[in-house]
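Close look at the chain arrangement
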Amino acid sequence: MSARILFVTGTNTDVGKTVATAAVAAAALRAGRKVAVLKPGQTGVAPGEPGDAAEVRRLAGDLTFRELVRYPEPLAPDTAARRAGMAYLSPAEVAGAVAELASTHDLVLVEGAGGLLVRYDDEGRTLADQVRAVLDAGLPAEVLLVASAGLGTLNIVSLTAEALAARELPLTGVVVGSWPADPGLAERCNLADLPRSAGAPLLGALPERAGGAEDFADLAATALAPALGGTWNAEYFAQVHRPA
Ligand SMILES: Nc1ncnc2c1ncn2[C@@H]1O[C@H](COP(=O)(O)OP(=O)(O)OP(=O)(O)O)[C@@H](O)[C@H]1O
Ligand SMILES: [Mg+2]
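Residues numbered from 1 in each chain as written. Chains lettered and ligands numbered in written order. Predicted model: local features only at pLDDT ≥ 70, side-chain atom pairs only at ≥ 80, totals over all residues. Heavy atoms only, no water.

**A look at the pattern of salt bridges**
By the definition in use, this model includes 13 salt bridges. Measuring nitrogen to oxygen at the nearest pair gives 3.6 Å for the salt bridge that ties Glu100 to Arg66. Placement of Glu100 in helix 4 (residues 91-102) and of Arg66 in strand 3 (residues 64-71) is noted, with a sequence separation of 34 residues between them. A single salt-bridge network, built from bridges that share partners, covers Lys39, Asp52 and Glu111. (Salt bridge = Lys/Arg side-chain N within 4 Å of Asp/Glu carboxyl O. Helix = DSSP H or I, 4+ residues; strand = E, 2+ residues; numbered from the N terminus.)

**What to know about the pairing of strand 4 (residues 107-115)**
With respect to burial, strand 4 is a largely interior element, nine of its nine residues being buried. In this sheet, strand 4 lies alongside strand 1 (residues 4-10) in parallel orientation, the contact comprising six bridges. Note on strand 4: the bridge partner recorded for Arg4 is Leu107. Note that strand 2 (residues 35-43) and strand 4 share four bridges and pair parallel. (Buried < 20%, exposed > 50% of the residue type's maximum accessible area, 1.4 Å probe, protein only. Pairing = 2+ DSSP bridges.)

**Concerning the coordination of the magnesium ion (ligand 2)**
Each protein donor to the magnesium ion (ligand 2) is listed here as Thr18 (OG1), Asp52 (OD) and Glu111 (OE); together their distances run 2.0 to 2.4 Å. Between consecutive donor residues of the magnesium ion (ligand 2), the sequence gaps follow T-x33-D-x58-E. With a gap of 93 residues between them, Thr18 in helix 1 (residues 17-30) and Glu111 in strand 4 connect regions that are remote in the sequence. Overall, the relative accessible area of 3% leaves Glu111 in the buried class. (Donors = N, O, S within 2.8 Å, 3.2 Å for Na, K, Ca; no water.)

See the structure below:
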C-alpha cells in the first residue's frame, strides 16, 4: 500500500500548523503507522537551534523528521534565501524528498511555511507547486488547511480553497489550529461557516492548551476527525458550541 501524503498549510503563520501536524502524526503513531514529517523550508532559525522538528518530536514522539533547508531570518523563504545568499528550494527537490520518505513510511506530513502562496524562489513558486510536483510524480498528495478560529479566517479560507481549486489540487479539509477555552460568537459561528467557505469538511479543532497536554496523543485523537485518525465528531462539536 502506498503512503498517505498530506501537505499542511495554514491561513497564516502562527495558526498552529506545527501543532496540527504533530497531532495528525501522534494519532497515526498510536495506530502503529510509520510517520515522517518534512519541513522543506525552515525560516527564522539559526543553525543548531531547534526548529519545528523539535516541537513535533516533543509533542508526537518517535518519528522521522527532515528539513531540507533552513534560513536564519523569520521571513518568506524566497526573501530569507535571497538575504542570506543561500540557494532557493525547488518543487523538484521537495517532491524527491517526499517520494523517498513515502517509500519507507505510511504517512508523510509536509509542513509549509506561512500560507499557501508564500514564495520559495524568485520564480514565485510556492507550496502549491510542491504539491503539484508530487502529484506529477504519480504520488497521491492531499492538502490540509489549518485555520485560526475567529473573525477574519473565513476570507482566507475561501481564498486558499479557490487557489487550490484553480490549480486542481485536492483540499482534504480544515482543522482549527487553536480552539479557545472560552469561544466567542465568531468562533462558534465559524464551526458552520468554515466548511462552507472551504468547500471541504471541518476535520478537527485542537484546544488552545493542546501543546501543553499531558497525553498529547490522547488529546490529538479526541480533537481530530476519523479522516485524520481520531474520533472527533464535527456535528457534535458544533452542537456543543452552537451560538446562542
Ligand atoms: N492548539 C494549540 N495548543 C497549544 N499551543 C498552540 C496551539 N496552537 C498554536 N499554539 C502555539 O502557538 C504558536 C504557533 O503555533 P505553531 O508553531 O503550530 O504555528 P505555525 O502555523 O506552525 O507557525 P509557522 O508559520 O511559524 O510554522 C506556538 O507557540 C504554539 O505552541
Ligand atoms: Mg510551524
